[in-house]
Amino acid sequence: MLGAVILLLLALAYGYLSLRQYNSYRQRIHSDAAFIIKVDVDRLYRTLAADYLLNSSHYKESKRQSLKTGLDIPANVFIYTVHSRSAQTYFCSLPVSDTAELRVFINKKLGITRFKNTGKYILGSSSNGGLTVVFNEQTFAVAYSLKKENVQEILEQLMNAGNFLPDTDPGIKKLKT
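Remember, it's a predicted structure, so these values are computed and weren't measured experimentally.

Requested: an account of the environment of Lys 60, with residues and values cited.
Tracing the backbone shows Lys 60 in helix α3 (residues 56–61). Residue class for Lys 60 comes out exposed when judged on its relative accessible area of 60%. Separated by 87 residues in sequence, Lys 60 and Lys 147 place their C-alpha atoms 42 Å apart.

An account of a nonpolar patch on the surface is requested, with residue identities and associated values reported.
A grouping of Met 1, Leu 2, Val 5, Ile 6, Leu 8, Leu 9, Leu 10 and Leu 12 is seen on the molecular surface, where their side chains present a nonpolar patch of about 900 Å² in accessible area. Mapping Val 5 onto the fold places it in helix α1 (residues 2–24). Take Val 5: its relative accessible area is 39%, and that puts it in the partly exposed class.

Any chance you could break down the packing of aromatic side chains for me, citing the residues and the numbers?
Given two aromatic rings, one states the distance between the centres and the angle between the planes to describe the pair. Applying the stated rule across the entire model yields two aromatic pairs. Plain terms: the ring middles of Tyr 80 and Phe 91 are 6.2 Å apart, the flat faces sit at 25 degrees to each other, and that makes the pair stacked. With Tyr 80 in strand β2 (residues 76–82) and Phe 91 in strand β3 (residues 89–95), this residue pair connects regions lying 11 residues apart in the sequence. Classification of Tyr 80 by relative accessible area gives buried; the value is 0%. Of the residues examined, Phe 91 reaches a relative accessible area of 0% and is grouped as buried. An angle of 85 degrees between the planes, with centres 6.5 Å apart, marks the rings of Phe 115 and Phe 135 as edge-to-face. Linking Phe 115 in strand β4 (residues 114–117) with Phe 135 in strand β6 (residues 131–135), this pair joins segments that are 20 residues apart in sequence. What makes Phe 135 buried here is its relative accessible area of 2%.

Give a detailed account of helix α2 (residues 41–54), specifying residues and quantitative values.
With 14 residues, α2 should cover 20 Å at 1.5 Å per step; its first-to-last C-alpha distance of 20 Å lies within 8% of that length. Near the N-terminus of α2, the side chain that reaches the backbone nitrogen of Asp 42, with its oxygen 3.3 Å away, is that of Asp 40.

Provide a residue-level description of the pairing of β3, including the pertinent values.
Judged by how many residues are buried, β3 sits mostly within the fold: five of seven residues are covered. Pairing analysis gives seven bridges linking β3 to strand β7 (residues 139–145), with the strands arranged antiparallel. Pairing of Ser 93 across the sheet is with Ala 141, part of β7.

Conventions used here
Residues numbered from 1 in each chain as written. Predicted model: local features only at pLDDT ≥ 70, side-chain atom pairs only at ≥ 80, totals over all residues. Heavy atoms only, no water. Helix = DSSP H or I, 4+ residues; strand = E, 2+ residues; numbered from the N terminus. Buried < 20%, exposed > 50% of the residue type's maximum accessible area, 1.4 Å probe, protein only. Patch = residues over 30% accessible without salt bridge, like charges linked within 9 Å, V, L, I, M, F, W, Y side chains within 5 Å. Areas by Shrake-Rupley, 256 points an atom, 1.4 Å probe, with all protein chains shown as cover. Salt bridge = Lys/Arg side-chain N within 4 Å of Asp/Glu carboxyl O. Phe/Tyr/Trp six-rings, centres within 6.5 Å; stacked < 30°, edge-to-face > 60°. Expected span 1.5 Å × (residues − 1). Polar contact = N/O pair within 3.5 Å; in protein donor to acceptor, adjacent residues only side chain to side chain. Pairing = 2+ DSSP bridges.

Following this line, the structure appears as structure tokens:
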């Protein structure tokens, strides 16, 4: 009986992680994406968990506070450039779990204090113009430009559900391997 329960728990865990992987490839990646970097967040979690088990005393001594971002971090995060902008301009979009926490995170950790409500989403940018964010109840999109390019048009397309790579795109299929 105990073996069956353990087997069932393992099957549920595998199913959950597989679903996270599947859903992560359905993120908003602009159709004009040129160079895509995949960050395997679940693998990072596994590495951190193993490190915690091996070095738990270090983590117990540390007085780190929990980081509340207001984001629902998927199994994979995609950071990419687009053909119509410099190769030194990067984009990313993530699902939102709590807009109030997100706004606090953006303000305190990203240093963005100026916000503009457009009616469809909230737009914010850093004082030096390198970092631009937009978010609504469902989606957070961010652009970082070393050349301080105008990125608002691309971010608006990400927010308005237009011009995305389908999860059947050959570039996305390569990332799945």
